[in-house]
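Next come the chains, spelled out residue by residue.
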Amino acid sequence: EVVLQEGPLMLVAAHTMKDTTCAMCLRHLAGVAGAIQCTQCQQASFCSPTCKQAAESSHWVHGLDVCRAYQRLGAVGVAEQQALQDEQDLDAARFLIHALCLKALAVQGQADAVQRCTSLLSLVGHPTEVDLRVATRLRPVLEHALNAVPNSLDITEVATLLRKEQLNSYGILAPQPSTSQPSSAPAAFTPASASIGAQCGDVQGAGCAPMTEEEAEEGERKLRGSALYAQASLINHECNPNVARFDAFDQQGPTSTHVCFRAMHDLPPGTEVFQSYCPLSWDHEERQAHCKEVYGFTCTCQRCQMEGQMGGDRMQGEDGSSGGWMTDDDEGGREAGMGE
């Protein structure tokens, strides 16, 4: 039974995946005929001319201001490069470019931007000291990218946006590296933690970087980007959730970017739904540390209480299995946001 199906508030491709992920719909581009790159900034790719046109029309996705900001971000000076410590900083900068451009459009009264900006700002998240320090470090990078007056961006506002992204976004995994041809399976929602949709193929679209032999040999999966959903972000956490998250980013159709939550068993009317904010295969200490360090709370769900009483050992069945606790491969648990 479908509990919730919702379109995205915001999608942002990861910096390292910008050549292999559609900036509009996060579709994996390997083997996609007609995939193209933005010739202006060369920092964004699209699965089709239709997606490119849609992104340019949604100005906060890849309008002229975002395109120019991406171009400047790809050619930062020495001072800005020193502020960027790693790829996570670049991913954070890309998200902030979209968020700040969305806000600017909302201030101008653009209807869709007003609605999206209101939803974004209503998400849970108050900046910590760490967020404020990161925002201070990234401010010159953002001002360079957005061609803004130095020291004009509000540090608290930037830090608040960073915290909201960290607490509420879903990290969208790229498909399992493979040298096989793309799957021809019909469009359908697939488990969010499973190998999603079409696999990496041999044929590359224009402007899309091929997968390296090392990636294929290691079977490595990376985050292709992040996704924010207004209603889904309201679902609380339990280490033994009653709904599973599914997505279909590599399928075609109007709902390919939607998130879908399905009940894992019968839910009586009025039952609160819970998702997991971390992989369910993690042990008690790992889950407790993740919830505390990233989300700021101590999980006291039934599973954590029982495993805590057992000294943190994972409950096991007679055959050595996880004793009924499903893994994230089984249920599609919430992935960590790009800010993590």
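Structure first, text after, so check above.
Residues numbered from 1 in each chain as written. Predicted model: local features only at pLDDT ≥ 70, side-chain atom pairs only at ≥ 80, totals over all residues. Heavy atoms only, no water.

Trainee: Describe the pattern of salt bridges, with residues and values.
Mentor: Overall, the coordinates contain nine salt bridges when judged by the stated rule. In this structure, Glu307 engages Arg287 in a salt bridge whose closest nitrogen and oxygen atoms are separated by 3.1 Å. In this pair, Glu307 sits in helix H11 (residues 302-309) while Arg287 sits in helix H10 (residues 284-295), placing the two residues 20 residues apart along the sequence. Accessibility assignment for this pair places Glu307 and Arg287 in one class, buried. (Salt bridge = Lys/Arg side-chain N within 4 Å of Asp/Glu carboxyl O. Helix = DSSP H or I, 4+ residues; strand = E, 2+ residues; numbered from the N terminus. Buried < 20%, exposed > 50% of the residue type's maximum accessible area, 1.4 Å probe, protein only.)

Trainee: Explain the environment of Gln110 to me, using residue names and the numbers behind them.
Mentor: Residue position: Gln110 is located in the loop between helix H5 (87-107) and helix H6 (111-121). For Gln110, a relative accessible area of 34% gives the class partly exposed. One polar contact links the side chain of Gln110 to the main-chain amide nitrogen of Asp112, over a distance of 3.2 Å. For Gln110, the side chain forms a polar contact with the main-chain nitrogen of Ala113, separated by 2.7 Å. (Polar contact = N/O pair within 3.5 Å; in protein donor to acceptor, adjacent residues only side chain to side chain.)

Trainee: Describe the packing of aromatic side chains, with residues and values.
Mentor: Pairs of aromatic rings are described using the distance from one ring centre to the other and the angle between the two planes. The final tally for this structure, using the stated rule, is four aromatic pairs. Relative to Phe297, the ring of Tyr277 lies with its centre 6.4 Å away and its plane at 75°, an arrangement referred to as edge-to-face. Here Phe297 lies in the loop between H10 and H11 and Tyr277 lies in the loop between strand E11 (274-275) and H10, a separation of 20 residues in the sequence. For Tyr277, a relative accessible area of 8% puts it in the buried group. A ring pair is formed by Tyr295 and Phe297, whose centres lie 6.4 Å apart and whose planes are at 40°; its orientation type is tilted. Residue classification places Tyr295 among the buried positions, given a relative accessible area of 11%. For Phe297, a relative accessible area of 27% corresponds to the partly exposed category. In textbook terms, an aromatic cluster arises when at least three aromatic residues are bridged by ring pairs, as seen for Tyr277, Tyr295 and Phe297. One cation-aromatic arrangement involves Arg94 over Tyr70; the distance from NZ or CZ to the ring centre is 4.2 Å. (Phe/Tyr/Trp six-rings, centres within 6.5 Å; stacked < 30°, edge-to-face > 60°. Lys NZ or Arg CZ within 6 Å of the ring centre and 35° of its normal.)

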